[in-house]
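# Structure assessment
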There are 4 protein chains.
Amino acid sequence: MTTPQTPILNLASDNVSGMSQPVLAALIAANSGPEPAYGSDQWTARAEALLSEVFEHEVSVFLVATGTGANALALAAMSPPWGAIFCHSEAHVLDDECGAPEMFTDGAKLVGVPGVGGKLTVEALAPVVSHFAPGVIKSVQPAALSISQVTEAGTIYTIDEIKALGQFAKQRKLMFHLDGARFCNAMVTLGCTPAEMTWKSGVDIVTFGATKNGCMACEAIIFFNKTDAESMPFRRKRGGHTVSKGRLLGAQMVGYLENDHWIDNARHANAMATALRQGLETIPGVKLPWPTHANEVFVVVPQSAAERLTRNKIRAAPWDSVSLPAGFSIGKDEQFLRFVTSFTTTKTDIATVLQTITG
Amino acid sequence: MTTPQTPILNLASDNVSGMSQPVLAALIAANSGPEPAYGSDQWTARAEALLSEVFEHEVSVFLVATGTGANALALAAMSPPWGAIFCHSEAHVLDDECGAPEMFTDGAKLVGVPGVGGKLTVEALAPVVSHFAPGVIKSVQPAALSISQVTEAGTIYTIDEIKALGQFAKQRKLMFHLDGARFCNAMVTLGCTPAEMTWKSGVDIVTFGATKNGCMACEAIIFFNKTDAESMPFRRKRGGHTVSKGRLLGAQMVGYLENDHWIDNARHANAMATALRQGLETIPGVKLPWPTHANEVFVVVPQSAAERLTRNKIRAAPWDSVSLPAGFSIGKDEQFLRFVTSFTTTKTDIATVLQTITG
Amino acid sequence: MTTPQTPILNLASDNVSGMSQPVLAALIAANSGPEPAYGSDQWTARAEALLSEVFEHEVSVFLVATGTGANALALAAMSPPWGAIFCHSEAHVLDDECGAPEMFTDGAKLVGVPGVGGKLTVEALAPVVSHFAPGVIKSVQPAALSISQVTEAGTIYTIDEIKALGQFAKQRKLMFHLDGARFCNAMVTLGCTPAEMTWKSGVDIVTFGATKNGCMACEAIIFFNKTDAESMPFRRKRGGHTVSKGRLLGAQMVGYLENDHWIDNARHANAMATALRQGLETIPGVKLPWPTHANEVFVVVPQSAAERLTRNKIRAAPWDSVSLPAGFSIGKDEQFLRFVTSFTTTKTDIATVLQTITG
Amino acid sequence: MTTPQTPILNLASDNVSGMSQPVLAALIAANSGPEPAYGSDQWTARAEALLSEVFEHEVSVFLVATGTGANALALAAMSPPWGAIFCHSEAHVLDDECGAPEMFTDGAKLVGVPGVGGKLTVEALAPVVSHFAPGVIKSVQPAALSISQVTEAGTIYTIDEIKALGQFAKQRKLMFHLDGARFCNAMVTLGCTPAEMTWKSGVDIVTFGATKNGCMACEAIIFFNKTDAESMPFRRKRGGHTVSKGRLLGAQMVGYLENDHWIDNARHANAMATALRQGLETIPGVKLPWPTHANEVFVVVPQSAAERLTRNKIRAAPWDSVSLPAGFSIGKDEQFLRFVTSFTTTKTDIATVLQTITG
């Protein structure tokens, strides 16, 4: 694992940015004096209060440092070891966490369901869920539905789509999880409240991501029903995810939420992605498989453009997907790339990328 | 879980302090620009190089945010699910991690062995280890030995004691783990090098704690033999312990190790504990079960003194132990307390505590 | 769970038959005197010797009482918890064992790959396996390939097809497992030796089923490479699959293998299935999606025929499959059924079934 | 693992006997026709009805083939992965099952509590259980109490002792498990009913052993409260312990229970042990650490006597224990042995053993 040559402009992931200033400021403030350990500190208490306020609901909150930890713990609270968890066939929980959900659930089965543009539909889900019959012993038992909002294709579910999935989950007695690694990016596009995107639409548990959108390492597992959360203190500790100096997490979340900072960050990132998208649409030979709903732009560029990016130390992530629209193909002399914008991306960055691709 | 009334002086744990200034400074520096994600950043690279230098050995390093995660991952790399891991009957891995080692090892058995002052001896270990016969299928198989340095009683193993345990481990084909949550506090008391306290004495894997001694959330799992570490990248990811913005951990470790900052912090903390100890020895009615080797003072005080501490919002941790010396007893009108000093503890703090206990 | 009304003729499963006479006779003989426990008995020794002889290879044998136990243990010996095990999307290990492989592997991922008639091809496997890149930490790691011979569609792989999969497995560094719940039924159709169907074609581990073909509860996990089996004594014990009066298993296997009894049983069962197939082909309105290679006949019959079977207490298993040939559909007034023949099935049984379907 | 030279008289374990005649007869009868699979057969139904009758309580019954499987499954139904299960420090579940309970509970902690003669007392348990405080997150949570009746020292709990433990379990909100590998041997000594020894004394779940006392491979997990059993069908299947031809287990249990056959077998075995005990008491130089309550005799014999036994191919099990009475020691020229009698042991066998030891 050699460190790759440092790019001048890295748009491969929103994880390449650090903390934004208000988050860092909160962390510095929180560092100044003694605080009780293991999440009994005042910063964690304030973060929890803010989240209840933001969600317009008394929520049970568990802060952790990683998205993989947050997702795996959330799913473990939703499914027995003999449960089936339904998700998109390219879901992060299924495909990008080295089996963390299987570890934390003690072996539940993640069942991938295909869907164009990273999105699940009731139509696609229904027959797959029906295959796992409740009470049939040889079969793992339907336990949970997990969606990503923003999806792995950079698209978002509308409120109506989430509600439809929520109703389906309720009918089938599935707990409904929303992996919100880019929660705020979706929310600002929809122009909705956190409540509308979650519990008002039937969501039971949210992985509320803050890391990608301005924090350094901070995610919240959020339960809308206290009884669902009863095992979580033990699960979190046992998973090694209870941070001893808990203020690290509490302070980041406070800095993130206060003064709508999180919303400002997401708006900026989304605007930069939109600008990139609009620029790309004007370049001949460039193909865009999916709409750009948030802060990710997926694009197919000619091989020559990809080489120019590399030569100029501009980095995007090489991509691959099975949820391309029907008829969309990638030629041998083309490359499929993902660009991710963040609160640190500038208009100049976008211009540089567009110029380089244009050649 | 209500937040307890904030104490004015909290010596219950070394987790009540935040980051020391050089650690915070490194984190701020690391925050300033883009960095590759998932530990490919330059700060992590520098932390790894520094650890190899400090240990005078090319080491495989895995940074994580919690001690429980570090210990559980380390033990998982040392024992199959059907293994026995021998440790002190009051070891943190056995008694204070809600079964994290069992979770990460997939059910290995932690076998507690008693010992006065938190310390294991070959004499106490030998018959217990022999009970688990290699090749006898009904029995879990001897796999690892884990010691805490500093121990749970605030004492430390001498280099010769570690060597003796190392030889025993080698004879019995046990991997040898050192839980160094307070690694540096032990090291400065011994006046030895990191190498002498570990691989030169037979230790295979170290949980190298930095959180308690100046960081916010940073521990390193250190392997002296690369092949022992082969599964660790997958184990860490799968456990949700691979931090996406890895510089969070790398920067802390760099700030911690550079310019001998870690050593300064530990020297200070130990000196404060020694001062507290010396003061306590002069107070009538105060009993000290074990020597004070590092930054923890375990003390039995009269009930009246304990109440004075509470009244004055000075907090120590109520304690309990089965490894008290023969004949040492705690009366009904006495309380057993643990005081922990850190880089933030001042001479004034110590004077305040002593004055309050004296009454 | 009410006991269904006892059918007069039950062809729903080969598990509805008991032991055949030579198996019972061996069990009675084995019962007569004392024997050492936990598989140290002479019957188990004899079974192991017979299997080495039958496979023309010194094999490591682990007898267990259930197919689910045998498969789950075999897969656990082939994959780390962060491994991917590739199998057909309707494989028994994936779909019919309530997550036993996930439990025994501690959370490995079973990846289903589609294929007509229950069969995997290198062409279908290659891109799926390639998706899981060796050394990419976020991805579970390619570990094993598992095929069912006879498949879940009642078809069989030719020797050349197994060899092609074996070569692919070797190229991709996948351990190669053959789930032989109906091992002998496939073997007699191919007219090959056990060796040809397994290690000579690249198979590493076999679940050698004897229960369905004449035993009461006896399966062998067979390793062709001793080092692959090193962990198995502990895995079997820990899984609760080491039978204390081990002769129960040893004796069944001896009775099963001696005098080619197993081959006679499978030939008879296959002949009965062929007779059923041939009869069905002559009945108008009856549709057969796949060839009949062993002792299972999958058939679509008119609803009226299905009702006649029920009325006459003749039982077949209602079926469902996603591996039907392109263009093959099942109408609303049709039923998809599986008939399984065994060593107890008679020509009269077949005639009765055919007559009832004909109406 | 070489097969040891077959002894002429093997009293090392009750697992060296096969099935008794009524059990074999039931199995032969059950073999004669078709039966539905997976426990839907009439023999299993009859076994379940008989057990409800025998226990004077509607019970939920799960038949499995091994004691390790039965115990591990029972404990998994009683404890979350972060639970503590209290048992004697020499309990079979703790010491002789290669970590099966840890596997099936997904890592619960078995906490051994010492006690003379293999027996737990409330006095010994109380402080140990108190160490694990309910609601303290770092600590695994008190979940279950498990006792062995007959104990690992061949002794038995009186009804009053079981009741006292049952009350303690209730106070501490522990599920109460009885490992009845030798259930009937204890019951006939106590002269009590199955109900008195279990649910009437506070026991929640029983591992009801039949293998050692006349069956070949048959144990029942018995729940007195249906809701406790809800997860068990999935746990059993997933553990590979649902036997496909379920009549194997049902028939054995029917043959075992009908006509008080099980009671006759246990009475005989116990009488043989008593005869052996009485004979041993008259031999100079022979020491008996514990009373003989059931079908096991633990005895220390001079080395010369042990050698005579070996020379004459009489086999007992070499023993070792930490629950010897205070002051009881074993000399260097002595050997500690366990003799186990069964339904197959004869008066002549006992005479032969006594004669050989006498020399």
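## Quick look at the overall build of chain A
Secondary structure summary: chain A contains 14 helices and 12 strands in total. For 359 residues, the compact-globule estimate of 2.2 N^0.38 gives 21 Å, and chain A sits close to it at 20 Å. If you line up chain A on its principal axes, its C-alpha atoms span 55 × 55 × 40 Å. Counting only residues that meet the buried cut, chain A has 62% of its 359 residues in that class. For chain A, restricting intrachain contacts to residue pairs at least 6 apart in sequence, the fraction spanning at least 24 positions comes to 79%.

## Quick look at the relation of the copies chain D and chain C
Each copy superposes on the other: chain D lies on chain C with an RMSD of 0.0 Å after a rotation of 180 degrees and an axial shift of 0.0 Å. Put plainly, the chains are arranged around a two-fold axis. In terms of C-alpha distance to the rotation axis, chain D has G239(D) as its closest residue, with the C-alpha 3.5 Å off the axis. Comparing interface residues between copies, 100% of those in chain D also lie at the interface in chain C; the contact surface is shared.

## Points about the sheet that holds strand 9 (residues 296–302) of chain B
All names here are of chain B. Taken together, the 3 strands give an open sheet; going across it, the order is 9-12-11, and neighbouring strands pair in antiparallel fashion. In this open sheet, the two edge strands, each paired with only one partner strand, are strand 9 and strand 11 (317–318). Pairing between strand 11 and strand 12 (residues 334–340): 2 bridges, direction antiparallel. Residue pairing for strand 12: A317 is matched across the bridge by R338. Packing against the sheet, helix 13 (residues 303–311) makes contact with strand 9 and strand 12, and its axis sits at approximately 115 degrees to strand 9.

## Observations concerning the relation of the copies chain A and chain B
Each copy superposes on the other: chain A lies on chain B with an RMSD of 0.0 Å after a rotation of 180 degrees and an axial shift of 0.0 Å. Both copies present the same face, since 100% of the interface residues in chain A are matched by interface residues at the equivalent positions in chain B.

## A look at the interface of chain A and chain B
Across the contact, 45 residues belong to chain A and 45 residues belong to chain B. Tallying contributions element by element places helix 3 (residues 67–76) of chain A first for the side of chain A that touches chain B, with 4 residues. Here the side of chain A that touches chain B is composed, by residue class, of 20 nonpolar, 20 polar and 5 charged.

## Description of the interface of chain D and chain C
Across the contact, 44 residues belong to chain D and 45 residues belong to chain C. The set of elements that each furnish at least two residues to the side of chain D that touches chain C consists of helix 1 (21–30), helix 3 (67–76), helix 5 (100–105), helix 10 (232–238) and helix 11 (247–257) of chain D. Tallied by class, the residues present in the side of chain D that touches chain C amount to 20 nonpolar, 19 polar and 5 charged.

## Looking at the domain arrangement of chain A
Residues and elements named next belong to chain A. Under the domain assignment used here, chain A contains domain 1 (9–16 + 265–358) and domain 2 (21–260). If you average the C-alpha positions of domain 1 and of domain 2, the two centres end up 27 Å apart. The interface is formed by 21 residues belonging to domain 1 together with 21 residues belonging to domain 2. Among the secondary structure elements, those contributing two or more residues to the side of domain 1 that touches domain 2 are helix 12 (261–281) and strand 9 (296–302). Per element, the largest residue contribution to the side of domain 1 that touches domain 2 is 5 residues, and it comes from helix 12. Here the side of domain 1 that touches domain 2 is composed, by residue class, of 10 nonpolar, 8 polar and 3 charged.

## Concerning unusual backbone geometry
Geometrically, the link from Q149(A) to V150(A) is a cis peptide bond, its omega value of -5 degrees lying close to zero. Among the structural elements, V150(A) can be located in the loop between strand 5 (141–148) and helix 7 (159–171). With a phi close to 50 degrees, C98(B) is a non-glycine residue in the positive phi region. Take C98(B): it is sitting in the loop between helix 4 (92–95) and helix 5 (100–104). What makes C98(B) buried here is the crowd of 27 C-beta atoms within 10 Å. The backbone phi angle of D106(C) is positive, close to 60 degrees, even though this residue is not glycine.

## Considering the pairing of strand 12 of chain B
Residue and element names in this part refer to chain B. Buried residues dominate strand 12, accounting for 5 of its 7 residues. Of the strand pairs in this sheet, strand 9 and strand 12 are connected by 7 bridges, and their pairing is antiparallel. Among the inter-strand pairings, F298 is bridged to a residue of strand 12, identified as R338.

## Concerning the environment of L145(B)
Residues and elements named next belong to chain B. Within the fold, L145 resides in strand 5 (residues 141–148). Overall, the presence of 28 C-beta atoms within 10 Å leaves L145 in the buried class. Along the sequence, L145 and G39 sit 106 residues apart, while their C-alpha atoms lie 29 Å from each other.

## As for the pairing of strand 3 (residues 83–88) of chain B
All names here are of chain B. When you tally the buried positions in strand 3, you get 6 out of 6 residues, the bulk of the element. Looking at chain direction, strand 3 and strand 5 are connected through 4 bridges and run parallel. Bridge pairing links I85 to A144 in strand 5.

## Focus on the sheet that holds strand 12 (residues 334–340) of chain D
All names here are of chain D. Reading across the sheet, the 3 strands line up as 9-12-11 and stay open at both edges, with antiparallel pairing between neighbours. The strands lining the two open edges of the sheet, one partner per strand, are strand 9 (296–302) and strand 11 (317–318). On the sheet, helix 12 (residues 261–281) packs against strand 9 and strand 12 and is oriented at approximately 25 degrees with respect to strand 9.

## Remarks on the nonpolar core
Residues I222(A), I222(B), I222(C) and I222(D) are the most contacted members of the largest nonpolar core, which totals 479 residues. The residues contacting I222(A), other than those within four sequence positions of it, are L51(A), F55(A), V59(A), V61(A), I205(A), V206(A) and F208(A).

## Details of the packing of helix 2 (residues 42–54) of chain D against helix 11 of chain D
Residue and element names in this part refer to chain D. For the pair helix 2 and helix 11, the least separation of the axes is 7 Å and the interaxial angle reads 40 degrees. Taken together, the axis directions place helix 2 and helix 11 in an arrangement best described as oblique. You can see that helix 2 and helix 11 cross each other, and the crossing is left-handed. The segment helix 2 lies against helix 11, with W43, T44, R46, A47, L50 and V54 engaging R247, L249, G250, A251, M253, V254 and L257.

## A look at the environment of A195(B)
Residue and element names in this part refer to chain B. For A195, the position within the fold is in helix 9 (residues 194–197). With 141 residues separating them in the primary sequence, A195 and V54 have C-alpha atoms 7.9 Å apart. Each residue touching A195, except ones within four places of it in the same chain, is listed here: F55, E56, H57 and K200.

## Notes on the confidence of the model for chain A
For chain A, mean pLDDT is 96; residues scoring 70 or higher make up 98% of the total. Model confidence for the complex is summarised by a pTM of 0.97, with the ipTM given as 0.96.

## Points about the packing of helix 1 of chain D against helix 11 of chain D
All names here are of chain D. Following both chains from N to C, one finds helix 1 and helix 11 inclined at 140 degrees, their axes separated by 7 Å at the closest point. Relative to helix 11, the element helix 1 is oriented oblique. Judged by the sense of rotation from one axis to the other, the crossing of helix 1 with helix 11 is right-handed. Contacts between helix 1 and helix 11 involve P22, V23, A25, A26, L27, A29 and A30 on the former and, on the latter, R247, A251, Q252, V254, G255 and Y256. Residues of the contact of helix 1 with helix 11, tallied by class, amount to 10 nonpolar, 2 polar and 1 charged.

What counts as what
Residues numbered from 1 in each chain as written. Chains lettered and ligands numbered in written order. Predicted model: local features only at pLDDT ≥ 70, side-chain atom pairs only at ≥ 80, totals over all residues. Helix = DSSP H or I, 4+ residues; strand = E, 2+ residues; numbered from the N terminus. Rg over C-alpha atoms; globule rule 2.2 N^0.38 Å. Buried ≥ 20, exposed ≤ 12 C-beta atoms within 10 Å, placed from the backbone. Contact = placed C-beta atoms within 7 Å. Least-squares fit on C-alpha atoms with pLDDT ≥ 70 in both. Pairing = 2+ DSSP bridges. Axes fitted to C-alpha atoms, helices over the stretch in contact; angles between N-to-C directions. Nonpolar A, V, L, I, M, F, W, Y, C, P; charged D, E, K, R; others polar. Domains from an automatic or database assignment. Core = buried A, V, L, I, M, F, W, Y, C linked by C-beta atoms within 7 Å. Parallel < 35°, antiparallel > 145°, perpendicular 65-115°, else oblique. Left-handed = near helix turned anticlockwise from the far one by under 90°. pLDDT = per-residue confidence, 0-100.

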